[in-house]
Amino acid sequence: MKTLLQRRPRVLAAITAAAAIALVAGCSSGSGGGKTTVKGVHLANGGALTVCTHLPYPPFQSVVDGKVQGFDVSLIDLVAKDLGVKQKIVDTPFENFKTGAFLNSGQCDLAAAGMTITDERKKNVDFSDPYFEATQAVLVDKKSGIKSLADLKGKKLGAQAQTTGEDLAKSKGLDPVSFHSSDAVLNGLRTGQVQAVVIDYPVVQGWLKDKANASAFQVVDNINTGEQYGFTVKKGNTALKTAIDRALARAKSDGEYKKIYEKWIGPYDPSAASPSASS
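What counts, and where the lines are drawn
- Residues numbered from 1 in each chain as written.
- Predicted model: local features only at pLDDT ≥ 70, side-chain atom pairs only at ≥ 80, totals over all residues.
- Heavy atoms only, no water.
- Phe/Tyr/Trp six-rings, centres within 6.5 Å; stacked < 30°, edge-to-face > 60°.
- Helix = DSSP H or I, 4+ residues; strand = E, 2+ residues; numbered from the N terminus.
- Buried < 20%, exposed > 50% of the residue type's maximum accessible area, 1.4 Å probe, protein only.
- Disulfide = S-S within 2.5 Å.
- Pairing = 2+ DSSP bridges.
- Axes fitted to C-alpha atoms, helices over the stretch in contact; angles between N-to-C directions.
- Contact = heavy atoms within 4.5 Å.
- Parallel < 35°, antiparallel > 145°, perpendicular 65-115°, else oblique.
- Left-handed = near helix turned anticlockwise from the far one by under 90°.

A.B. asks: What is the right way to look at the packing of aromatic side chains in this model?
C.D. replies: Aromatic ring pairs are described here by two measures, namely the spacing of the ring centres and the angle between the planes. All told, the structure shown has 14 aromatic pairs when counted by the stated rule. Residues Phe71 and Phe132 carry aromatic rings whose centres are separated by 5.7 Å and whose planes lie at 65° to one another, so their mutual orientation is edge-to-face. You can see Phe71 sitting in helix 1 (residues 71-83) and its partner Phe132 sitting in strand 10 (residues 132-141), a full 61 residues away along the chain. The exposure class assigned to Phe132 is buried, which follows from its relative accessible area of 2%. One aromatic cluster is present, built from ring pairs that chain together Tyr57, Phe60, Phe71, Tyr131, Phe132, Tyr229, Phe231, Tyr257 and Tyr261.

Listed below in structure tokens is the structure:
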């Protein structure tokens, strides 16, 4: 999602704010409820850095061995550690990230959801420095005969609702079937509901590690849309944005970012670290 076509969008999930599922990443979130201030950062819930996300979105965040884990989770753990608290994750509908609803209501301190930084989204939330460069992949059934993005006209195409992948498809005059999550998109391809999907490449990388998937599906196009992911905070929350940016900068300089990248994404690409902030 960045100032670029934006991604990881999703159709209105059947979940509502009231039904949001609270999940703790890693250890216990610590004691205490209610607002508190830690090292100059105001926290919605005492003893924890409360993070809104939208599950699942591997490799950025998904439930692994009963815990929410992933690339985003590991990076935000660094921020929480700096503040001396634990990270607490709340599963919420993706559309609320675009409006900043849960940040404005004080339900969450920040949002971490593989979200592209865009000018439109900046109207409602403040973004951290970019932490990941993303591209969009065209993933197809090997039997489809599709060889590139240009071959998608007239084909049944899938994308995640309200994401930059869906935006890209529509900008090409296509009419993609909308799915509520990345898992649903890929399952739609696997089960023949669609012949191809446009989706974030990092998601495809993880999915194709499964030999059964790799034997039946392939990437035929990789579109560089200039997208960069960022974490979001409530507009004007300079203290938390600064804490996030500081943790990201240190991780990129001391090798921690590289370790986390290789664990969750794959072979390290230095350009993915997005060292410079977006304009």
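A.B. asks: Would you explain the state of the cysteines in this entry?
C.D. replies: What we call a disulfide is simply a covalent bond connecting the sulfur atoms of a pair of cysteines. Considering all chains together, one arrives at 1 disulfide under this definition. In this model, Cys52 is linked to Cys108 through a disulfide, with the two sulfur atoms separated by 2.1 Å. Torsion about the S-S bond of the Cys52 and Cys108 cystine: about 70°, corresponding to right-handed handedness. Taken together, the residues span a long stretch of sequence, with Cys52 in strand 4 (residues 48-53) and Cys108 in the loop between helix 3 (101-104) and strand 8 (110-111) at a distance of 56 residues.

A.B. asks: In this structure, what is going on with unusual backbone geometry? I would like to understand it.
C.D. replies: Excluding glycine, residues mostly have negative phi values, and the peptide bonds linking residues are mostly trans. A cis amide bond links Leu55 to the next residue, Pro56, at an omega of -10°. Along the chain, Pro58 connects to Pro59 via a cis peptide bond; the corresponding omega equals 5°. Counting through the fold element by element, Pro59 comes out in the loop between strand 4 and strand 5 (62-64). Phi is positive for Lys39, which is not a glycine, with a value near 50°. You will see that Gln162, though not glycine, has its phi angle at about 60°, which is positive. Mapped onto the secondary structure, Gln162 falls in the loop between strand 11 (157-160) and helix 5 (164-171).

A.B. asks: Help me understand the sheet that holds strand 10 in this model?
C.D. replies: Sheet strands pair by backbone hydrogen bonding; their relative direction is either parallel or antiparallel. Taken in spatial order, the 5 strands line up as 12-11-13-10-14 in an open sheet, and their pairing is mixed. Pairing within the sheet leaves two strands with one partner each, and these edge strands are strand 12 (177-179) and strand 14 (217-229). On average, adjacent strands in this sheet sit at an angle of 25° to one another, irrespective of strand direction. In the sheet, strand 10 pairs with strand 14 via 9 bridges, with the strands oriented antiparallel. Along strand 14, the bridge assignment pairs Leu139 with Val219. Of the strands in this sheet, strand 10, strand 11, strand 12, strand 13 (196-200) and strand 14 are in contact with helix 5, which crosses strand 11 at around 140°.

A.B. asks: How should I be thinking about the packing of helix 1 against helix 9 (residues 238-254) in this particular structure?
C.D. replies: Packed helix pairs are specified by the crossing angle of their axes together with the interaxial distance, meaning the distance between the axes. Two elements in contact, helix 1 and helix 9, have axes whose closest approach is 9 Å; the angle formed by their N-to-C orientations is 115°. On the basis of their axis angle, the class for helix 1 and helix 9 is roughly perpendicular. Along this stretch, helix 1 crosses helix 9, giving a crossing that reads as right-handed. Listed contacts from helix 9 to Leu75, Leu78, Val79 and Asp82 of helix 1 are Ala243, Ile244, Ala247, Leu248, Arg250 and Ala251.

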